[in-house]
Amino acid sequence: LVPRVFAAVPRAQFRFSRAMTKLAAPIARQEPREVIFGAVEGENRGSNPMKNVVKRNDPWFWLRDDDRKSEEILGHLRSENAFTEQEVAHLRPLMDKLYDEHISHLKETDDQAPYRSGDWFYYTRTVKGLSYKFHCRKPAGAGLHVPAEDASEQVLLDENKVAEGKPQCVVQGVRPCPDHKLLGYSVDFKGDETYAVRFLNLASDEYLPDQLDGVTGAVVWGTTSDWVFYRTQDEAKRSYKLWRHKMGQNQEEDVCLFTEADELFDVHHGKTKSGRFLVLESASTETTEAYVIDLEGGNDGQAVLIQAREFELRYDIEHLGESFLIWTNKDKAVNRRLMRVSVADVMAGKGGQESWVEVMPYDSTREIANVEVFKDFVAIEGRQDGLTQLWLMNGDLDGALTRVKFEEELYEVSFGVNKVMDTPFLRLEYSSLTTPVTHYDYDMRSESPDRFHLVKRVEVLEFDPASYVCSRLFAKAPDGTQIPMSVVHHKTVDPKKPNPCFLYGYGSYGICIDPGFNRTLLPYLDRGVVYCIAHIRGGGEMGRWWYEEQGKYLMKRNTFSDFIACADHLVDSGMTTPSQLAIEGRSAGGLLMGNVLNMRPDLFQIAVAGVPFVDLMTTMCDPSIPLTTGEWEEWGNPNEWKYHDYMLSYSPLDNVRPQAYPNVLITAGLHDPRVAYWEPTKWATKLRLNNTSEKTQVLLKMDLEVGHFSASDRYRYLKEKAFEQAIVLDKIGLATVSKL
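The following paragraphs examine the structure supplied in this document. Bear in mind that the values here come from a model prediction, so they are computed numbers and not experimental data.

Thresholds applied
Residues numbered from 1 in each chain as written. Predicted model: local features only at pLDDT ≥ 70, side-chain atom pairs only at ≥ 80, totals over all residues. Heavy atoms only, no water. Pairing = 2+ DSSP bridges. Helix = DSSP H or I, 4+ residues; strand = E, 2+ residues; numbered from the N terminus. Buried < 20%, exposed > 50% of the residue type's maximum accessible area, 1.4 Å probe, protein only. Polar contact = N/O pair within 3.5 Å; in protein donor to acceptor, adjacent residues only side chain to side chain. Axes fitted to C-alpha atoms, helices over the stretch in contact; angles between N-to-C directions. Contact = heavy atoms within 4.5 Å. Phe/Tyr/Trp six-rings, centres within 6.5 Å; stacked < 30°, edge-to-face > 60°. Lys NZ or Arg CZ within 6 Å of the ring centre and 35° of its normal. Salt bridge = Lys/Arg side-chain N within 4 Å of Asp/Glu carboxyl O. Parallel < 35°, antiparallel > 145°, perpendicular 65-115°, else oblique. Left-handed = near helix turned anticlockwise from the far one by under 90°. Core = buried A, V, L, I, M, F, W, Y, C linked by side-chain atoms within 4.5 Å.

**Here's the deal with the sheet that holds strand 20 (residues 315–320)**
With antiparallel pairing, the 4 strands of this open sheet are ordered in space as 20-21-22-23. Edge positions in the sheet fall to strand 20 and strand 23 (357–358), since each has one partner strand and no second. Sheet topology note: the strand 20/strand 21 (residues 323–328) ladder contains 6 bridges and is antiparallel. Directly across from His-319, in strand 21, lies its bridge partner Phe-324.

See below:
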């Protein structure tokens with residue numbers, strides 16, 4: 001990320017050096033290396049590995065260096081960056097222009113929506129010229145939705161100071177203790193998602209001596225400022241231990257409360273909204289096992305099991321009065337049903353599924369994703385009709401379920417931050433493809449005539465929502481399934497004529513790419529690009545079954561054929577042509593990019609693959625690589641006969657073959673723990689060796705200072721967007737086109 005905090009990224013950052021001799025595209029040398037699939041003595045290769053092992057050659061295995069220190073490998077990565085810089089140097093003026101456009105839409109000095117917690121309103125704000133956020137609060141006073149205008153501000157944490165002198169700075173989990181006198185936060189200076197936790201005294205603005213190292217994510221406070229709970233990782237970066245820390249003691253004295261030995265499972269923890277219970281969850285993709293610790297009895301209470309792990313039984317919990325609410329897939333409820341169990345039964349060790357009572361009949365068309373509890377109401381977040389939805393019911397759980405209604409055809413809605421139990425207001429966050437992010441306090445009392453109270457709409461400068469239109473289209477997959485697409489474009493664009501088009505997809509883990517607002521798309525839309533989101537199987541846009549039954553394991557290839565069907569529909573309907581069609585996917589979306597390029601390279605002009613997961617076979621056979629063991633319940637385990645051949649059929653790197661590929665832009669980060677840098681590096685070389693087209697190129701931009709989630713510095717992030725967008729616009733013929 002950024003070497004320092006600065007007023008703005010200088011344009012000189014795009015002024016690439018010109019070598020006297022034109023650089024050739026880097027090709028990594030080959031060195032035979034045998035990769036074994038199946039049983040390997042001393043390694044966890046899954047529950048049923050092949051005894052008769054399969055061996056495959058990986059000639060670029062040598063590019064893997066877990067320490068990221070090999071000078072030969074770093075030299076190769078630098079040569080990739082130098083080649084990319086050379087090839088895009090002519091686009092420098094366009095990159096500068098696009099960056100200026102991004103800045104023109106950004107209100108650089110701005111406050112985010114405040115939320116109530118205790119006697120305070122907490123919020124973050126940004127200042128023009130500074131790269132990171134300030135975390136602040138104001139006394140709540142008589143403020144109902146926001147603090148009074150004259151309320152005095154207290155700056156709790158300045159991320160710009162934290163980031164000084166650091167090339168990377170990701171701050172998360174900024175949380176006050178229960179009495180609001182101390183603040184804890186987690187920080188990662190490398191991008192590898194391993195954090196250090198620091199604590200501040202908010203009265204003196206001084207750091208406490210306590211520091212917790214090697215932590216996964218954020219800490220959770222106990223019932224007082226004396227205790228915190230946190231998690232640590234194993235060597236494969238799997239969260240597997242839960243610890244209790246007493247403030248004022250050394251980390252070496254901390255007590256380990258739970259260790260998860262099964263490498264399929266990760267440990268998670270949190271506190272119920274009531275503050276009474278700490279929830280400890282050990283979960284795999286398919287199975288959940290949860291415990292609660294009653295903090296009313298002290299922060300050293302014993303963990304009580306709710307329901308022991310049972311394969312394919314998943315559940316989440318929240319505390320409400322004398323009950324725990326449980327939303328679960330019990331009894332084949334793929335979209336989850338809402339149930340309850342008494343606190344007394346749980347604490348007596350009788351809280352298993354046989355004691356769960358249904359709150360309302362299961363509706364297979366409605367997915368329950370999350371539940372928010374209040375003194376007099378319960379809110380449900382989920383999906384129906386291909387969109388995110390919110391529902392309400394009374395706190396007695398005996399009334400009708402009513403849906404919160406919105407006027408736009410396409411939108412995205414979710415819970416905001418709701419820290420207060422005794423309130424009639426639900427904080428929600430709403431946006432659409434043409435409506436910037438808007439925070440409302442929604443009055444849950446049915447008698448209220450005006451139920452939406454505007455708290456904050458993020459201001460997007462030089463933007464008129466009336467200039468853009470959005471719609472939903474459907475493409476027919478090879479098996480006849482209708483695949484939805486969300487589309488947005490400038491109102492002057494005629495979608496019945498061929499236009500430059502950008503198609504985005506993800507399609508894994510049940511993660512949804514919803515039609516919410518994205519300010520960074522405006523440079524595309526303002527040049528006449530039609531932007532489309534393909535809601536393909538493997539995601540969860542149409543409900544959990546869209547993923548679990550149609551887009552994982554031995555149904556994974558649906559994801560790729562769905563995306564191709566969407567692209568074909570855009571071309572066949574006359575909206576675009578292959579020479580005008582750009583596509584993008586990140587991470588597991590990079591798996592998507594790799595496959596559709598192998599399957600239909602003729603259909604696209606350029607593909608942008610961010611941190612792409614493309615070396616499926618070699619990665620998923622090796623339990624030492626982060627995420628591997630847990631994701632055997634996502635893709636399957638190539639060490640088992642059941643999955644080996646099927647996974648091989650869609651492993652992007654293994655299916656690159658001599659053919660004419662379109663242009664490919666690959667971006668990645670050296671310290672990425674989720675998709676290791678060597679995957680895109682191998683892929684770039686193999687694509688170049690097999691690409692038979694002399695008109696297209698493969699570019700790899702490897703950031704040597706970041707991880708999976710790109711730049712944390714907001715100005716540098718916009719520079720990176722401008723870099724990618726300039727290349728895309730150039731390839732689809734819009735490099736010299738003015739804004740509409």
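**Observations concerning the side chain of Glu-87**
Structurally, the position occupied by Glu-87 is in helix 1 (residues 71–88). Relative accessible area serves as the criterion here: at 16%, Glu-87 is assigned to the buried category. Side-chain polar atoms of Glu-87 contact the side chain of Gln-86, separated by 2.7 Å. Here the side chain of Glu-87 touches Gln-697 through a polar contact of 3.1 Å, side chain to side chain.

**Section: the sheet that holds strand 38 (residues 663–669)**
In space, the 8 strands of this open sheet follow the order 32-33-35-34-36-37-38-39, with mixed pairing throughout. Each of the sheet's edge strands pairs with one partner strand only, and the pair in question is strand 32 (468–476) and strand 39 (698–703). Strand-to-strand, the axes of this sheet are offset by a mean angle of 20°, without reference to chain direction. Packed onto the sheet, helix 8 (residues 588–599) meets strand 36 (581–586), strand 37 (606–610) and strand 38 and runs at close to 140° relative to strand 36.

**A short note on the packing of aromatic side chains**
Overall, the coordinates contain 26 aromatic pairs when judged by the stated rule. Grouped by ring-pair contacts, the aromatic residues Phe-406, Tyr-411, Tyr-430, Tyr-440, Tyr-442 and Phe-452 constitute a single cluster. Here the basic side chain of Arg-198 rests over the ring of Tyr-207, its NZ or CZ set 4.3 Å away from the ring centre.

**Topic: the pairing of strand 26 (residues 387–394)**
Where burial is concerned, most of strand 26 is hidden: 7 out of the 8 residues are buried. Where strand 25 (residues 377–384) meets strand 26, 8 bridges bridge the pair, whose relative direction is antiparallel. Following the sheet pairing, Gly-382 is matched in strand 26 by Gln-389. Pairing of strand 26 with strand 27 (residues 402–403) involves 2 bridges; the strand directions are antiparallel. Paired with Leu-392 across the strands is Thr-402, a residue of strand 27.

**Comments concerning the pattern of salt bridges**
A full pass over the atoms with the stated rule returns 44 salt bridges. Here Arg-29 and Glu-72 are joined by a salt bridge, their closest N and O atoms 2.7 Å apart. Within this pair, whereas Arg-29 is found in the segment before strand 1 (34–37), its partner Glu-72 is found in helix 1, the two being separated by 43 residues in sequence. For Glu-72, a relative accessible area of 41% gives the class partly exposed. Taken together, the shared-partner salt bridges connect Glu-286, Arg-314, Arg-544, Glu-548 and Lys-552 into one network.

**Let's talk about unusual backbone geometry**
At Arg-336, a residue that is not glycine, the phi angle is positive and equals roughly 75°. Inspection of the secondary structure assignment puts Arg-336 in the loop between strand 21 and strand 22 (337–342). Look at Val-611: it is not a glycine, yet its phi comes out positive at around 35°. Following the sequence through the fold, Val-611 ends up in the loop between strand 37 and helix 9 (616–620). Taking the relative accessible area as the measure of exposure, Val-611 reaches 4% and is therefore buried.

**Considerations on the environment of Phe-452**
By secondary structure assignment, the location of Phe-452 is in strand 31 (residues 452–457). With relative accessibility at 29%, the residue Phe-452 sits in the partly exposed group. When the C-alpha positions of Phe-452 and Phe-37 are compared, they lie 57 Å apart, and in sequence the two are 415 residues distant.

**Observations regarding the packing of helix 2 (residues 92–105) against helix 12 (residues 714–731)**
Where helix 2 contacts helix 12, the two axes come as close as 8 Å, and the packing angle between them is 130°. The orientation of helix 2 relative to helix 12 falls into the category oblique. Our pair here, helix 2 against helix 12, has a crossing hand that is right-handed. Only Tyr-715, Leu-718, Lys-719, Lys-721, Ala-722, Phe-723, Gln-725, Ala-726 and Leu-729 of helix 12 make contact with helix 2, whose side of the interface consists of Leu-94, Met-95, Asp-96, Leu-98, Tyr-99, His-102 and Ile-103.

**Regarding the nonpolar core**
If you look at the biggest cluster of nonpolar residues, it comprises 135 residues, and the most contacted ones within it are Leu-426, Leu-503, Phe-563, Ile-583, Phe-604, Trp-635 and Trp-683. For this core, the leading source of residues is helix 12, giving 8 residues. Counting 16 residues, the second-largest nonpolar core is a separate cluster that includes Tyr-122, Val-162, Val-174 and Leu-200.

**Quick word on the environment of Ile-293**
Structurally, Ile-293 can be placed in strand 18 (residues 288–294). When the C-alpha positions of Ile-293 and Leu-305 are compared, they lie 9.2 Å apart, and in sequence the two are 12 residues distant. The residues contacting Ile-293, other than those within four sequence positions of it, are Leu-257, Arg-276, Phe-277, Leu-278, Gly-301, Gln-302 and Ala-303.

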